[in-house]
Structure formats: structure tokens, C-alpha cells
Amino acid sequence: MAATSSSSSPCMIASLRSSHRCRLSPSATATSPPRLRTLPPRRCRRNPSSSSSSSRQAAAISMAPANPRHRLIAPIHAAAAAAGGGGGGGAGATSPSGLPSLVGIAHLLVSLGIVLASDKFLKQAFAAASIKFPSALFGMFCVFSVLVVLDAFAPALAKGFMDFFEPATLFIQRWLPLFYVPSLVVLPLAVRDVPAASGLKIFLIIFGGWFASLMVAGYTALTVRKIVQTQLIPAEPMSKPSPFATLEFWAWGAVFVASFAVAYVNPTALGTTARTCLPFLLASTVLGYMVGSGLPSGVKKVLHPIICCALSADLAAIAYGYLSRSGVDAVLGDYLTKAPSNPGAGDVLMGFLGSVIISFAFSMFKQRKLVKRHAAEIFTSIAIASTFSLYSTAILGRVIGLEPSLTISILPRCITVALALSIVSFFEGVNSSLTAAVVVLTGLIGANFVQAAMDKLGLNDPIARGIGTASSAHGLGTAALSAKEPEALPFCAIAYGLTGIFGSLICSVPAVRQSLVFIAG
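Looking at an unreviewed UniProt entry, one finds the protein named LrgB-like family protein and attributed to Oryza glaberrima. Under the Subcellular location (unreviewed entry) heading, UniProt states for the protein: "Membrane".

Laid out in C-alpha cells, this is it:
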């Protein structure tokens with residue numbers, strides 16, 4: 001045994017040497033990564049022993065047997081490092097467990113819930129105190145004031161405040177047009193008692209008034225720009241909402257099919273017909289908006305997502321009214337009940353309008369430097385355009401012989417729905433459904449024609465284009481401008497909120513309301 005072992009030792013040593021030479025052969029090193037093959041000559045000359053040691057280590061690493069565990073661990077650590085560098089949102093998006101996504105959903109629910117709860121609390125408080133001033137507008141001023149104070153004394157807290165509510169503001173921005181839809185869905189009920197001749201007069205006021213408001217706001221901004229000659233600087237970048245995912249389509253589609261079947265089998269399964277119809281009417285509205293948002297830009301000029309959304313909800317109401325033999329009028333009545341104890345799908349959507357107003361505080365605070373720098377152009381144009389819009393509507397209604405109640409109902413035609421409804425609540429005997437429908441129709445006209453009209457009028461300045469669009473076509477015009485004119489969008493977003501705010505403030509003055517009623521007849 002000893003002889004055999006000693007005789008085999010030279011063979012084993014020779015075999016190992018041969019194996020070592022093969023592993024250090026040029027063919028083996030050629031397969032190693034380029035950074036491991038050679039070392040800079042200067043380093044070799046300065047420290048040959050270190051260079052030789054590094055070369056041997058590199059060769060050993062490059063030619064070591066592949067370890068599957070090492071190959072799996074390295075990308076995971078690299079992904080975690082990349083996600084960590086991107087902040088919490090990135091880490092949440094790359095986690096295989098899905099836990100950060102749940103945290104993000106919880107963050108959205110908490111921040112949005114606080115905004116909704118604040119709006120509801122303010123409404124109840126103002127109603128109990130018999131205060132007619134828009135409660136959401138007061139909440140917006142409070143939030144903006146808090147942000148300004150925090151920014152002055154503790155900027156980190158102001159930033160943290162903004163970051164905390166960012167999911168809620170992005171949610172509202174993403175679904176904003178959807179909150180305007182209920183008034184269009186129930187438009188057949190709102191205009192049923194309006195004579196055809198009066199309807200034609202209202203349309204003339206809407207179209208002619210929109211064009212006149214655009215001219216007044218745009219040319220006022222241009223005139224003030226020439227006087228103050230403030231240099232235009234880049235605005236703060238505005239966050240864009242995420243596109244709709246395929247999973248969202250399937251989820252809302254499943255809700256529609258299941259809830260429609262339940263309502264057909266048992267119309268009072270949830271206690272009342274309005275509550276039972278709520279899920280499938282809401283799903284049809286959301287699906288219509290998602291489909292309309294994905295249409296080509298050329299099609300959107302004819303079939304705006306808002307129109308597509310309203311048509312989808314109306315078709316669902318017609319189908320259910322026919323199959324259940326209840327009639328479309330009854331279904332539309334369940335869509336927007338205006339009864340807090342028995343809400344419909346439209347009531348749920350319009351319940352976000354107060355939150356929309358409160359969210360203006362965050363957008364205005366984000367663009368506070370821009371507002372301060374161009375305060376003369378912004379506030380002068382908005383004040384003149386808002387006043388002109390209200391009084392020109394009253395004058396036009398009186399001139400063409402429109403009924404005074406209908407004229408008062410359409411006074412805030414150029415103000416966003418959320419604040420337009422608050423404005424008409426100051427007056428008596430108005431048709432608030434008609435108010436909302438007229439506001440949305442004005443926005444649709446502006447969304448389709450505002451850019452071509454401004455080109456014809458020579459309104460080429462970004463500030464004039466932004467203010468003119470918002471002052472004449474509020475949120476829908478802002479949405480139409482956002483895709484093609486990013487330099488005008490910040491001014492449009494600012495004017496969109498401030499126009500409604502200024503209109504609400506002047507209409508809260510009794511003397512102004514009395515003068516408008518007197519002019520309307």
C-alpha cells in the first residue's frame with residue numbers, strides 16, 4: 001500500500017500541474033471579462049507582487065466553477081440597491097412580496113380619506129352655522145395658509161406635508177374629468193322642462209360667451225405683460241397621473257357584469273334601487289372614461305372622453321331600464337338622487353368636488369414662485385375675466401329674452417363645476433343640474449376649439465394662452481392644453497383654480513348678487 005501510494009504521488013502532482021497550466025492557458029483567460037484580463041502597465045511596474053497577486057485572484061475568480069447561488073444573489077442585491085436609491089416608491093415597486101404596493105395603497109387611502117373627511121366636516125360645520133360661503137373654498141385657504149407658514153419657518157415640514165398628500169392630489173388629478181360627468185348623464189332629465197327656444201338661447205350664450213371670455217382674458221394678459229415686462233422663467237414640473245392598466249379594465253368590467261346581474265335579479269338587493277344600481281352605473285361611467293381616454297387624438301376631437309363617459313353610463317341605464325322594465329328615467333333618477341341617505345353613482349362621483357377645491361391649495365403652493373413673479377398678469381386677468389363672464393352672461397340673457405331663472409342658473413358658465421354649484425346656491429329658484437351641464441358643455445367647447453381660436457386671435461404668449469384657456473374653459477380646457485403646451489400648462493392650472501375662487505368671492509357679496517339678479521330681470 002505504501003509503495004502504491006508513493007508511486008502514485010508523482011502522477012497526481014503532474015496531473016495537478018497540468019490542470020493548473022490548462023486553467024492559466026490563453027484560451028481560458030480569453031473567456032474572462034475584459035476588466036479581469038489585463039492590468040494597467042503603470043500599476044504592474046510599481047508593484048509587481050501586488051499585480052501578480054491580483055492577476056492570480058482575478059484568474060481564479062473568472063475561472064472558478066459557476067455557483068448558481070452566487071448568480072441569483074447578485075442581481076437581487078443590485079436591484080435592491082437601485083430601488084433604495086430611488087426612494088420608497090422604487091423599493092415598493094420592485095419588491096417581490098408586493099408589501100410596498102399595499103403600503104402605497106394604504107398611503108393613498110389615508111391621505112385621500114383625510115381630504116374627504118375634512119371636506120365633509122367643513123360642510124356640516126358651515127351648514128350648522130348657516131354660512132353660505134363655500135366650505136371647501138375655506139378649507140383650501142386654510143391648507144394653503146398652513147403650507148405657507150410651514151415653508152417660512154420649517155421648510156422640511158412643508159415638504160413632508162406636500163409629500164404625504166401627493167397620492168391624494170394625483171388621484172384627484174387622474175380622475176378629475178370623471179367628477180364632472182354626472183351632470184351630463186342626467187342631462188335629459190335636467191333639460192326636460194326647458195323649452196326648445198330657451199335651449200337654443202342657452203347654447204348661443206354658451207358658445208358666444210366662451211369666445212368673448214377667451215378674448216377678454218387673453219388680451220388682458222397680453223396688455224399687462226407689455227406693461228410689466230416680466231421675463232418668463234421655467235415653472236416647477238407638474239406631476240402626470242399614471243396611464244390606465246389592463247388590469248383596471250378587467251376589474252371594472254367584472255364589477256359591471258356582476259353588479260348588473262345582481263340588480264337584474266333583485267333590484268332591491270342592497271336595500272334600495274339606487275344603491276343596487278350604484279355599482280354597475282359607477283363601473284359603466286368609469287369604463288367609458290377609461291376607453292375614451294385611450295382613443296386616438298383625432299377621435300377625441302369628435303368624441304371627447306367626457307362624452308364617451310356620459311354615453312357609456314346612459315347606455316347602461318337604457319339597457320337596465322329596458323330589461324327591468326323600470327324605464328330609463330327611473331334609472332337616471334337613481335343615478336343622481338341628491339339624497340345623502342340614498343346615494344347613487346353620480347352622488348358618489350360628485351362627492352369628490354369639494355376635495356377638488358381643497359386640492360387647489362397644493363397646486364398653488366407648488367407654483368407659488370410663479371404666482372408671485374407673474375402676480376400682475378395672473379390676478380388682473382382673472383379678476384377682469386371672471387367679472388366679465390358673470391355680468392356678460394346676465395346681460396346676454398336679458399337681451400335675448402332668456403327666462404331670469406335660467407339666466408341665473410348659467411351665470412357661472414366659465415367656472416369649474418365644484419365652485420359653480422356653490423355660486424348658484426347663493427341664489428333662489430335655480431336649476432343646479434342645468435348649471436352643471438352648462439359648465440361641462442362650455443368646457444367641452446373650449447377643449448375642442450380653444451387652441452385654434454387662440455392661434456387665430458394671435459394669443460401666442462404662454463401666459464396669455466394659459467390664462468385665456470382656464471378663464472373660458474376651466475378644467476376641461478386645462479386638460480386639453482396639457483398634452484401639447486407644457487409651457488402654458490402651469491398658468492392654466494393656476495388660473496383654473498383662481499378663476500373659480502375669485503368668482504365665488506365676488507358672488508358672496510350681497511350687492512353683487514343683487515346687481516346680477518337685477519340685470520337678468
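Past the structure itself, the notes keep going.
This paragraph deals with the overall build of the protein. Along its length, the protein carries 28 helices and zero strands. For the protein, the proportion of its 521 residues judged to be buried stands at 41%. Long-range pairs, those at least 24 residues apart, make up 76% of the contacts in the protein between residues at least 6 apart in sequence. Total accessible area on the protein is roughly 26,300 Å²; 68% of this is exposed by carbon and sulfur atoms.

The next thing to look at is the packing of aromatic side chains. Inspection of every chain in the model, using the stated rule, returns 18 aromatic pairs. Ring geometry for Phe256 and Phe260: centres 5.7 Å apart, planes at 40 degrees, overall tilted. With Phe256 and Phe260 both in helix H14 (residues 246-265), this residue pair falls four residues apart, about one helical turn. Judged by its relative accessible area of 15%, Phe260 is buried. Considering the side-chain rings of Phe256 and Phe280, the 6.2 Å spacing of their centres and the 75 degrees angle between planes classify their relative orientation as edge-to-face. Here Phe256, found in helix H14, pairs with Phe280, found in helix H15 (residues 273-293); they are 24 residues apart in sequence, far enough to count as distant. The class of Phe280 is buried, set by a relative accessible area of 0%. Aromatic rings pair up to connect Phe161, Phe164, Phe165 and Phe362 into one cluster. Of note, Arg368 hangs over the ring of Phe365, and the distance from its end group to the ring centre comes to 3.9 Å.

As a further point, take helix H17 (residues 305-324). The end-to-end C-alpha distance of H17 is 28 Å, a good match for the 28 Å that 20 residues give at a rise of 1.5 Å each. Three or more residues of H17 are buried, namely Pro305, Ile306, Cys308, Cys309, Ala310, Ala313, Asp314, Ala316, Ala317, Tyr320 and Gly321. Just downstream of H17, Arg325 is the residue with a positive phi angle, here 60 degrees.

Evaluation of the coordinates by the stated rule reveals eight salt bridges. Asp151 is the partner of Arg368 in a salt bridge, and the nearest nitrogen-oxygen pair spans 3.5 Å. With Arg368 in helix H21 (residues 368-373) and Asp151 in helix H9 (residues 135-153), this residue pair connects regions lying 217 residues apart in the sequence. Here Arg368 falls in the partly exposed class, since its relative accessible area comes to 29%. Here Arg174 ties to Glu248 by a salt bridge, and the two come within 3.0 Å at their closest N and O atoms. You can see Arg174 sitting in helix H10 (residues 155-175) and its partner Glu248 sitting in helix H14, a full 74 residues away along the chain. When sorted by exposure, Arg174 lands in the same class as Glu248, which is buried.

A cluster of nonpolar side chains, contributed by Leu200, Phe203, Leu204, Phe207 and Phe449, occupies part of the molecular surface with about 520 Å² of accessible area. Sort the elements by how many residues they give to the nonpolar patch and helix H13 (residues 196-228) lands first, with four residues. Relative to the helices and strands, Leu204 resides in helix H13.

Another aspect to go through is the layout of surface pockets. Remark: the empty space left among the atoms is shown by a probe the size of a water molecule rolled over them. Looking at the second largest pocket, its volume works out to about 1,200 Å³. Along the wall of the second largest pocket there are 36 residues; nearest its centre are Asp119, Lys123, Met350, Gly351 and Leu421. At the level of secondary structure, the elements contributing two or more residues to the lining of the second largest pocket comprise helix H8 (99-128), H9, helix H19 (345-350), helix H20 (353-366), helix H24 (417-424) and helix H25 (432-457). At seven residues, H8 tops the list of elements feeding residues into the lining of the second largest pocket. Taken domain by domain, the makeup of the lining of the second largest pocket includes at least three residues from each of domain 1 (102-175) and domain 2 (178-231 + 245-520).

This next bit is on H9. Compared with the 27 Å implied by 1.5 Å per residue over 19 residues, the 27 Å span of H9 between its first and last C-alpha is a close match. Taken together, the buried positions of H9 are occupied by Ser135, Ala136, Leu137, Gly139, Met140, Val143 and Leu147.

Moving on to empty space enclosed by the protein. Across all of its chains, the model carries one cavity of 30 Å³ or more by this definition. Considering only enclosed or pocket space, the largest cavity measures out at about 40 Å³ in volume. It is helix H22 (residues 375-399) that provides the largest number of residues to the lining of the largest cavity, a total of four residues. Considering only residue class, the lining of the largest cavity consists of four nonpolar, four polar and no charged.

Within the secondary structure layout, Val399 lies in helix H22. Judged by its relative accessible area of 64%, Val399 falls in the exposed class. Each C-alpha atom of the pair Val399 and Gly521 lies 10.0 Å from the other, and the pair is 122 residues apart in sequence.

Attention shifts here to the packing of H22 against helix H28 (residues 510-520). Each pair of packed helices can be described by the angle between their axes along with the distance between the axes. Interaxial distance between H22 and H28 falls to 8 Å at its minimum, and their mutual angle equals 25 degrees. In terms of axis orientation, H22 runs roughly parallel to H28. Two secondary-structure elements touch here, H22 through Leu390, Tyr391, Ala394, Ile395 and Arg398 and H28 through Val512, Ser515, Leu516, Phe518, Ile519 and Ala520. Split by residue class, the contact of H22 with H28 holds nine nonpolar, one polar and one charged.

Below, the discussion takes up the side chain of Asp314. Residue placement: Asp314 occurs in helix H17. As a buried residue without a salt bridge, Asp314 has its nearest oppositely charged side chain in Arg192, at a separation of 10 Å. Setting aside chain neighbours within four positions, we find Asp314 in contact with Leu184, Val185 and Leu332.

For soluble globular proteins, nonpolar side chains are generally found buried alongside one another. By size, the foremost hydrophobic cluster in this structure holds 117 residues, and its most contacted members are Phe179, Ile202, Leu281 and Tyr335. When residues in this core are grouped by element, the largest group, 12 residues, is from H25. If you count residues domain by domain, this core takes at least three from each of domain 1 (102-175) and domain 2 (178-231 + 245-520). Setting aside its immediate chain neighbours within four residues, Tyr335 contacts Val181, Pro182, Val185, Val186, Leu281, Thr285, Ala313, Gly344, Ala345, Gly346, Asp347 and Leu349.

Cut-off values and rules
- Residues numbered from 1 in each chain as written.
- Predicted model: local features only at pLDDT ≥ 70, side-chain atom pairs only at ≥ 80, totals over all residues.
- Heavy atoms only, no water.
- UniProt positions renumbered as here; feature names shortened; annotations may be inferred.
- Helix = DSSP H or I, 4+ residues; strand = E, 2+ residues; numbered from the N terminus.
- Buried < 20%, exposed > 50% of the residue type's maximum accessible area, 1.4 Å probe, protein only.
- Contact = heavy atoms within 4.5 Å.
- Areas by Shrake-Rupley, 256 points an atom, 1.4 Å probe, with all protein chains shown as cover.
- Phe/Tyr/Trp six-rings, centres within 6.5 Å; stacked < 30°, edge-to-face > 60°.
- Lys NZ or Arg CZ within 6 Å of the ring centre and 35° of its normal.
- Expected span 1.5 Å × (residues − 1).
- Salt bridge = Lys/Arg side-chain N within 4 Å of Asp/Glu carboxyl O.
- Patch = residues over 30% accessible without salt bridge, like charges linked within 9 Å, V, L, I, M, F, W, Y side chains within 5 Å.
- 1 Å grid on protein atoms, 1.4 Å probe; cavity = no way out; pocket = protein on both sides within 12 Å on 5 of 7 lines; lining within 4 Å.
- Points joined across faces, edges and corners; volume = space filled by probe spheres on them.
- Domains from an automatic or database assignment.
- Nonpolar A, V, L, I, M, F, W, Y, C, P; charged D, E, K, R; others polar.
- Axes fitted to C-alpha atoms, helices over the stretch in contact; angles between N-to-C directions.
- Parallel < 35°, antiparallel > 145°, perpendicular 65-115°, else oblique.
- Lys, Arg positive; Asp, Glu negative; His and termini not counted.
- Core = buried A, V, L, I, M, F, W, Y, C linked by side-chain atoms within 4.5 Å.

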